[in-house]
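Here's the letter readout for the chains.
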Amino acid sequence: MSKVKFELKIKESEVKEPEKAVSPDPAVAEPKPEEPKEAPPAPTGSSAPDTSGTVSDCSAPEGLPESHRPDTRQDLTGLFTEKPQSGEVNVGENITFVARVCGESLLKKPSVKWIKGKWMDLASKSGKHLQLKEHYDRNSKVYTFEMHIIAAKANFAGAYRCEVSSRDKFDSCNFDLVVHGNKNNYITDAGEDSGELDFSALLKKRAVHVSTEPEVDVWEILQNAPPSEYEKIAFQYGITDLRGMLKRLKKMKKEEKKSAAFLRKLDPAYQVEKGHKIKLQVEVANPDAEVKWLKNGQEIHPTGRYIFESVGNKRFLTINNCTLADDAAYTCTIGEEKTVTELFVKEPPVLIVRNLEDQMVMKGERVEFECEVSEEGAQVKWEKDGVELTRDESFKYRFKKDGCKHVLIINDVTKEDCGHYRVKTNGGQSFAELMVQEKQLEVYQNIADLTVKAKDQAVFKCEVSDENVKGIWYKNGVEVKPDARTHITHIGRIHKLTIDDVKPEDEGDYTFVPEGYAFNLSAKLNFLDPPKIHLDCMGRTAESTILVVAGNKLRLDVPITGDPAPTVVWTKGEKVLTDSDGRVHVESTKGHCIFTIEGAERQDEGVYSVIVRNPAGEDTADINVKVVDVPDPPEAPRILSVGEDSCVVQWDPPLFDGGQPVIGYVLERKKKKSYRWMRLNFDPFKETTYEAKRMIEGVPYEMRVYAVNAIGMSRPSAASQPFVPVAPTSEPTGLCVDDISDTTISLKWRPPERIGSAELEGYGVEYCKEGCKHEMFGVTDEWIPAFPSLTESTSVIVCDLPTGEKMQFRVRAYNMAGPSLPGHHVNHLHFVIAERPKIWLPRNLRQTLIKKVGETINLVIPFQGKPRPQVTWTKNDELLDPRQVSIRNSDTDTILFIRKSERKDSGKYEVQVQIENVQDRASVNIQIVDLPGPPQNLKVIDVWGFNVALEWKPPKDNGNCDITGYTIQKADKKTMDWYTVYEQYRRTNCVVSDLIMGNEYMFRVYAMNMVGLSPEPCLSKDSAYIQKTGIVYKPPSYKEHDFSEAPKFTHPLVSRSVIAGYNATLSCSVRGIPKPKITWYKNKMDITNEAKYRMFSNQGVLTLEIRKPCPFDGGVYMCKAVNDSGEDIIECKLEVRCKIFFYTMKVNGYQQLFA
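Residues numbered from 1 in each chain as written. Predicted model: local features only at pLDDT ≥ 70, side-chain atom pairs only at ≥ 80, totals over all residues. Heavy atoms only, no water.

- The protein is annotated in an unreviewed UniProt entry as Myosin binding protein C, cardiac of Cyprinus carpio.
- We quote the UniProt Sequence similarities (unreviewed entry) comment for the protein here in full: "Belongs to the immunoglobulin superfamily. MyBP family." (UniProt positions renumbered as here; feature names shortened; annotations may be inferred.)

**What to know about the overall build of the protein**
Part 1: Each helix and strand in the protein was counted, giving 4 helices and 86 strands.
Part 2: Counted over contacts in the protein with a minimum sequence separation of 6, partners at least 24 positions apart contribute 64%.
Part 3: Just so you have it, the protein exposes about 65,900 Å², and 49% of that area is on carbon and sulfur atoms. (Helix = DSSP H or I, 4+ residues; strand = E, 2+ residues; numbered from the N terminus. Contact = heavy atoms within 4.5 Å. Areas by Shrake-Rupley, 256 points an atom, 1.4 Å probe, with all protein chains shown as cover.)

**Notes on the nonpolar core**
Part 1: Core analysis: the largest hydrophobic core is formed by 28 residues, its most contacted members being Phe97, Val101, Trp114, Met147, Ile149, Tyr160 and Leu177.
Part 2: Broken down by secondary-structure element, the contributors of at least two residues to this core are strand E3 (95–102), strand E6 (130–137), strand E7 (142–149), strand E8 (158–166) and strand E9 (169–180).
Part 3: If we ignore the near neighbours within four places in the chain, the residues touching Phe97 are Pro84, Gln85, Ser86, Gly87, Trp114, Phe145, Glu146, Met147, Ile149, Phe175, Asp176 and Leu177.
Part 4: Judged by nonpolar contacts, the second largest core, of 23 residues, contains Leu535, Val548, Leu577 and Phe595. (Core = buried A, V, L, I, M, F, W, Y, C linked by side-chain atoms within 4.5 Å. Buried < 20%, exposed > 50% of the residue type's maximum accessible area, 1.4 Å probe, protein only.)

**Structural notes on the sheet that holds E6**
Part 1: Spatially, the 4 strands line up as an open sheet ordered E1-E3-E7-E6, and their pairing is antiparallel. Either end of the sheet is taken by a strand with one partner, and the two such strands are strand E1 (80–82) and E6. Taking each pair of neighbouring strands and ignoring which way they run, the sheet shows an average axis angle of 25°. (Pairing = 2+ DSSP bridges. Axes fitted to C-alpha atoms, helices over the stretch in contact; angles between N-to-C directions.)

**Brief notes about the pattern of salt bridges**
Pairs can form between side chains of opposite charge once their charged atoms are near each other.
Part 1: Enumeration according to the criterion identifies 40 salt bridges in this entry.
Part 2: Across the pair Asp385 and Lys384 runs a salt bridge, and its minimum N-O distance is 3.4 Å.
Part 3: Assessed through its relative accessible area of 15%, Lys384 is described here as buried.
Part 4: Put simply, Glu902 and Lys904 hold a salt bridge, and the shortest N to O gap is 3.6 Å.
Part 5: A network of salt bridges, in which partner residues are shared, links Arg354, Glu370, Glu372 and Lys405. (Salt bridge = Lys/Arg side-chain N within 4 Å of Asp/Glu carboxyl O.)

**A word on unusual backbone geometry**
Part 1: In the segment running from Ile1073 into Pro1074, the intervening peptide bond is cis, with an omega of -5°.
Part 2: Positionally, Pro1074 belongs in the loop between strand E78 (1064–1073) and strand E79 (1077–1082).
Part 3: Phi is positive for Asn296, which is not a glycine, with a value near 55°.
Part 4: In this structure Asn296 comes out as exposed when scored by relative accessible area, which is 53%.

**Focus on the environment of Gly428**
Part 1: With respect to the helices and strands, the residue Gly428 is situated in strand E27 (residues 428–437).
Part 2: Residue Gly428 is classed as partly exposed on the basis of its relative accessible area of 22%.
Part 3: Each C-alpha atom, one on Gly428 and one on Val350, is 7.3 Å from the other, the two residues being 78 residues apart in sequence.
Part 4: Excluding anything up to four places from it in sequence, Gly428 contacts Val350, Ile352 and Val423.

**Here we look at the sheet that holds strand E31 (residues 471–475)**
Part 1: With respect to topology, 5 strands assemble into an open sheet ordered E29-E36-E35-E31-E32, the strand pairing being mixed. Lying at the two open borders of the sheet, with one neighbouring strand each, are strand E29 (450–452) and strand E32 (478–479).

**Considerations on the pairing of strand E46 (residues 638–642)**
Part 1: Note: E46 against strand E47 (residues 647–650), 4 bridges, orientation antiparallel. In the strand pairing of E47, Ser641 is matched with Val648.

**Some details on the environment of Ala154**
Part 1: Note that Ala154 resides in the loop between E7 and E8.
Part 2: Taking the C-alpha atoms as reference, Ala154 lies 8.5 Å from Asn90; in sequence the two are 64 residues apart.

**Regarding a negative patch on the surface**
Part 1: Together, Glu644, Asp645, Glu691 and Glu697 make up a region of like negative charge exposed at the surface.
Part 2: Locating Glu697 in the fold gives a position in the loop between strand E50 (689–692) and strand E51 (701–709).
Part 3: Residue classification places Glu697 among the partly exposed residues on the basis of a relative accessible area of 32%. (Patch = residues over 30% accessible without salt bridge, like charges linked within 9 Å, V, L, I, M, F, W, Y side chains within 5 Å. Lys, Arg positive; Asp, Glu negative; His and termini not counted. Charge placed at Lys NZ, Arg CZ, Asp CG, Glu CD.)

**Structural notes on the side chain of Gln969**
Part 1: Within the element layout of this structure, Gln969 appears in strand E70 (residues 963–972).
Part 2: Relative accessible area serves as the criterion here: at 12%, Gln969 is assigned to the buried category.
Part 3: Reaching out from Gln969, the side chain makes a polar contact with the side chain of Thr980 at a distance of 3.4 Å.
Part 4: Here the side chain of Gln969 touches Arg1004 through a polar contact of 2.7 Å, side chain to side chain.
Part 5: If we skip the residues at most four places from it in the chain, Gln969 touches Trp978, Tyr979, Thr980, Val981, Met1002, Phe1003, Arg1004 and Tyr1006. (Polar contact = N/O pair within 3.5 Å; in protein donor to acceptor, adjacent residues only side chain to side chain.)

**What to know about the pairing of strand E26 (residues 419–425)**
Part 1: Counting buried positions over the 7 residues of E26 gives 6, a clear majority of the element.
Part 2: In the sheet, strand E22 (residues 381–384) pairs with E26 via 4 bridges, with the strands oriented antiparallel. Bridge pairing in E26 links Glu383 to Arg422.
Part 3: Two elements, E26 and E27, share 7 bridges in a ladder whose sense is antiparallel. If you follow Lys424 over to E27, its bridge partner there is Gln429.
Part 4: Between E26 and E27, which pair antiparallel one after the other, the connecting turn spans 2 residues.

**Thoughts on the packing of aromatic side chains**
Part 1: By the definition in use, this model includes 19 aromatic pairs.
Part 2: Centre to centre, the rings of Phe595 and Tyr608 are 5.4 Å apart; their planes meet at 45°, and the pair counts as tilted. Separated by 13 residues along the polypeptide, Phe595 in strand E43 (residues 592–597) and Tyr608 in strand E44 (residues 606–614) bring together distant segments of the chain. The residues Phe595 and Tyr608 share a single accessibility class, namely buried.
Part 3: Aromatic side chains Trp952 and Tyr966 sit 5.5 Å apart centroid to centroid with 70° between the ring planes, which places their arrangement in the edge-to-face category. Highlighted residues: Trp952 in strand E69 (residues 947–953) and Tyr966 in strand E70, separated in sequence by 14 residues.
Part 4: You can call Trp952 buried: its relative accessible area is 3%.
Part 5: Feature note: the residues Phe97, Trp114, Tyr160 and Phe175 constitute an aromatic cluster, connected by ring pairs. (Phe/Tyr/Trp six-rings, centres within 6.5 Å; stacked < 30°, edge-to-face > 60°.)

**Remarks on the confidence of the model for the protein**
Part 1: Per-residue pLDDT for the protein averages 80, and the proportion of residues at 70 or more is 82%.
Part 2: A low-confidence stretch, residues 773–780 (pLDDT under 50), is modelled with 13 contacts involving residues beyond four sequence positions or located in other chains. (pLDDT = per-residue confidence, 0-100.)

**Concerning the side chain of Glu668**
Part 1: Locating Glu668 in the fold gives a position in strand E48 (residues 662–671).
Part 2: Among the polar contacts listed, one links the side chain of Glu668 to the side chain of Arg704, at a separation of 2.8 Å.
Part 3: A polar contact is formed between the side chain of Glu668 and the side chain of Tyr706, at a distance of 3.3 Å.
Part 4: Setting aside anything within four residues of it in sequence, one finds Glu668 in contact with Trp677, Met678, Arg679, Leu680, Glu702, Met703, Arg704 and Tyr706.

**Observations concerning the state of the cysteines**
Part 1: As enumerated under the stated definition, the model contains 0 disulfides in all.
Part 2: In this model Cys1068 remains outside any disulfide bridge; the closest cysteine sulfur is found in Cys1119, 4.3 Å from its own. (Disulfide = S-S within 2.5 Å.)

Below, the structure is given as structure tokens:
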């Protein structure tokens, strides 16, 4: 825990002492003394803290370094939510200072101290003029601390500090009190209330006295003073060489003879400040005479500091930037005559730049008073209560110097050592007070917070170390007096406060203050009142139901009571509702708990429970909430039939009616190419079948439906399939048999007489066995379509008819409106094509699919089968988790998608398509690879010559693929710059050669797989030092081998026959050094720049991909490889076949396959 020290600074008038050099000669430059300037008055608020305790201006004194200026910063950690503010009050009035601390993040109650000045704890000053209170708000979790000053007096003014701490957290705040009605708000004599808040008397004692007397010539003082006062004068005015000065003073008392060469001699003595300049002047009789200047008998030559001047009869010697070395006897000679003077260099006064600080210690401890002066080695005097301190035989006082620091050390302090201590220099002085206390009072048992119910007994108990210590109990700053319910006892070291039959007014903060000690013990009495929920006051019972419209705000405001304020918990089922649920807001105020849901939704419907608890008990209530909404949109409507200008549309009711019954439907239509919907009815239509009229024949339309309930209208349904209001054509005419055989028949007919506005789409031919008549004749229809699709021709040949059966045939014309009348027969068409399920696994998925971690996997596997087969995916014989893998199926393919692959996605994936009992399977192996881990246990096996043998073990994690090699690096231990020795090295041991003699090397190894290098290397634990030897190594010479080779195809192109519309590839392999240039030809024409073809080359494997070939892409393909050593050619043939469609039809009761 850290503390911030500060002091109240009192400003007094300051008088700046004039500086002058002693010289009787008016020609010598002297600084003109300045008039004393009065310092500005002290501000009414608090001044900046200054640990020196001296009277100073608000800003740092000029000339002091930055480190010596007062530090006005405050080290805060942010416990305060509201800090005490400075205030002003008139004498006799009251004022309150408030501090608030947020207790939400604190584990225990914080402790607070109110301090006046630097150290005076105001807890011991509680009484008629001062009351300290504290309060805790359980709802906002904020601690409030108050200091009440009652009937303020003039001596209450000053600087105050509030300190709060909680375990390892600490915060403090400074504020000021200004009391009006006194001429000096700070410095007053201690009166009758000096034992309460009077701190100004100490401030007055510590004020630094600044001399306002004008500066006096030290030389004149010494001449006129008796010898017994010399040492005192020397210390007061900073004279360091008193003995030398007295010798010069003795010489000056001798009378000098008159001289013929000098009209005016040098003065007996000169005085100058250190760092200033001085000019010595003589007048000679002969203007042409030359003079010599001597310093302590040594001739002075002109330099930058010594300047000689001659003006008429006057001769000048100017000394710039005087130092202590210039303190000497100076002589001016002309021939044998001379004149002598003494120059005294006066040092500036020694200032105290860091003042003494007050000390409060325990008896027997050691005390150190420390100050800092402006000059090293300066002499200081220590005094106690005006008596100078000296080093005695008992070593009670010790004096210590360390550069500019001076320390007074007092060992084993006693009560007699209390007093005011002063340190003096020739330029100032500083005061401090020493206070010695007896051993502190120890608290064996502190009073604790109490929480009691009505009519219970509350007992506050504490135990201190001294049996004779008395104390006073306070409640909220007011002294507690014994009465019938309140009992105060003191038995030995134990103090008790007992309250019988506790009532609500007994709640508050209780404080025990030991007499004569500056601390107190505090605790809080909390009164408990069981919580209660009052739903009746809002006009509804606990089981009442609340209706809310979806999208509106649901607000449940429940009145509650209880002391202390109860905690509120809202639940729905087993789930506890909090503010973290997004739309949910839970708020508790005094007397109410409020539950709010922004934008109620359907899932918010249910029974909500509110539970209120405090230490006295709990209460619960249930509230039933029903959310009503507009209904869900109906499904897309179905078009049952169309006419020339109308259609019949049907739909299903919505799955959810929104909690209110559906009262009807609203329909809209629009033209297919338009964006404008037109409403067909404005009053809700109650049925689910509607006939829309007044449409234009031949124009495509779409329909949609709205559902309506008491809340409103739903969103629109999806649009129906586009339809065109047209009438069917008339029946074809002239149906006749053109030819017939045992299994085939040839039919022909004429187009219908009326086609209408829609185009004729084709004709449908049907047949049935003889005897099948229309339902109107009492016989069931069995008409069979002769072809799977419509025919545009007016003549057909029907094959594979049963021999010997009598068949009936009919033809119907089809347009957008449907089939026409077939004459005297009307029946429904049954058309079925059966196709076995088959998976067409792409060629690239027949081998293991390798992907890197994080890459996307998108497998598209086409299949066939009608009706649409059921698709099932498994991984390692287990069904896939839809949360990790996305599966999308269509009529012709299935897609497996993994957005971001991981190692665990590796495995064998199997897809199955099934139609009833017929199925087909295919499997795909997926391998997810990653970077490998670092190699293991890299060791230096041997060191010889310029070589080092290394050995290591493969990494534990190979990244789910084979290790392809290692990268070995070395580094000189001096620079630790790494250089690669081997790359793609396959073995787990190697020899590093060509190392530099006398260097020490470190090594590291990276593992590599098909993904890349391992993120971290394996470092060698030991280094290798290459010994210096005298052997000169001569490397052998080798003849370079010629590796060039002419291109040669190692795998030929294979002639292929492919189906049009599916991508086809031609592959071969070639080798050659250097790498040959590859060119592809079709029918001897270069196809390199053709967009239809893509060429690939990977490690000598050449692939030509032909995108969706057609029959024109067939021909002879040739691949040509060329390099500097030769060339090679290979070719093949490609045949492209057309697609063949198969279908089946039932002939004579048997399924037949047709192509």
